[in-house]
Amino acid sequence: QVQLVESGGGLVQAGGSLRLSCSASGRIFSFTDMGWYRQASGKQRECVAGITARGTTSYADSVKGRFTISRDHADNTVYLQMLSLRPEETATYYCAAKSYGGTRYWGQGTQVTVSS
């Protein structure tokens, strides 16, 4: 079994920062793509940022310049540094990872609340 466990969520004021972490454990050696998604109440889940095995990154337009995704291959960990957070970014943030065999894994999510 492969498990992804997120941490680092919480309550922050608008303009503040948070750093999310996602650690993988279980019977897997490495992932290809890893990323972060978020889902606000009543809305669809959206991709926030992604990073490939080679380190190529991609971001949703709304977070470019404020969010940074990074990963540690040795620990199968992915991070999301979030700056200048906005109230509309209040959501549950999910970590996702894809194995070389094509299986996608999801974490349980961590809540981020941005107060105005």
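Quantities reported herein were computed from a predicted structural model and do not represent experimental measurements.

A word on the state of the cysteines. One pass over the full model with this rule turns up 1 disulfide. One disulfide bridge connects cysteine 22 with cysteine 95, the sulfur atoms lying 2.1 Å from each other. Classification of the bridge connecting cysteine 22 and cysteine 95 rests on its S-S torsion, roughly -80 degrees, and on that basis the disulfide is left-handed. Of this pair, cysteine 22 sits in strand 3 (residues 18–26) while cysteine 95 sits in strand 9 (residues 91–99); the two residues are 73 residues apart in sequence, bridging distant segments of the chain. Of the two residues, cysteine 22 and cysteine 95, both sit in the buried class.

Once that is clear, we can look at the environment of valine 2. Tracing the sequence through the fold places valine 2 in strand 1 (residues 2–7). Taking C-alpha positions, valine 2 is 6.9 Å from alanine 24, a pair spaced 22 residues apart along the chain. Apart from the residues within four sequence positions on either side, valine 2 is in contact with Ser25, Gly26, Arg27, Ile28, Phe31 and Tyr105.

Once that is clear, we can look at the pairing of strand 1. Of the two faces of strand 1, the one holding Val2, Leu4 and Glu6 is buried and the one holding Gln3, Val5 and Ser7 is not buried anywhere. Note: strand 1 against strand 3, 6 bridges, orientation antiparallel. Bridge pairing in strand 3 places valine 2 opposite glycine 26.

This paragraph deals with the pairing of strand 9. Along any regular strand, the residues point their side chains to alternate faces of the sheet. Judged by how many residues are buried, strand 9 sits mostly within the fold: 8 of 9 residues are covered. Bridge count for strand 9 against strand 11 (residues 110–115) is 3 bridges, and the pairing is antiparallel. Along strand 11, the bridge assignment pairs threonine 92 with glutamine 111. Strand direction decides the pairing type here: strand 9 and strand 10 (residues 104–106), joined by 3 bridges, are antiparallel. When the bridges of strand 10 are listed, alanine 96 appears paired with tryptophan 106. Taken together, strand 9 and the strand that follows it, strand 10, pair antiparallel across an intervening segment of 4 residues, in which glycine 102 is found at a positive phi of about 95 degrees.

The next point concerns the sheet that holds strand 3. Strand order across the open sheet formed by 4 strands is 1-3-8-7, with antiparallel pairing between neighbours. Both edges of this open sheet fall to strand 1 and strand 7 (67–72), since each of them pairs with a single strand only. Pairs of neighbouring strands in the sheet enclose a mean axial angle of 15 degrees, with direction left out of account.

This paragraph deals with the nonpolar core. In this structure, Phe31, Trp36, Val78, Leu80, Met82 and Tyr93 are the most contacted members of the largest nonpolar core, which totals 28 residues. Going through the elements one at a time, strand 1, strand 3, strand 4 (31–39), strand 5 (46–51), strand 7, strand 8 (77–82), strand 9 and strand 11 are the ones with two or more residues in this core.

What counts as what
- Residues numbered from 1 in each chain as written.
- Predicted model: local features only at pLDDT ≥ 70, side-chain atom pairs only at ≥ 80, totals over all residues.
- Heavy atoms only, no water.
- Disulfide = S-S within 2.5 Å.
- Helix = DSSP H or I, 4+ residues; strand = E, 2+ residues; numbered from the N terminus.
- Buried < 20%, exposed > 50% of the residue type's maximum accessible area, 1.4 Å probe, protein only.
- Contact = heavy atoms within 4.5 Å.
- Pairing = 2+ DSSP bridges.
- Axes fitted to C-alpha atoms, helices over the stretch in contact; angles between N-to-C directions.
- Core = buried A, V, L, I, M, F, W, Y, C linked by side-chain atoms within 4.5 Å.

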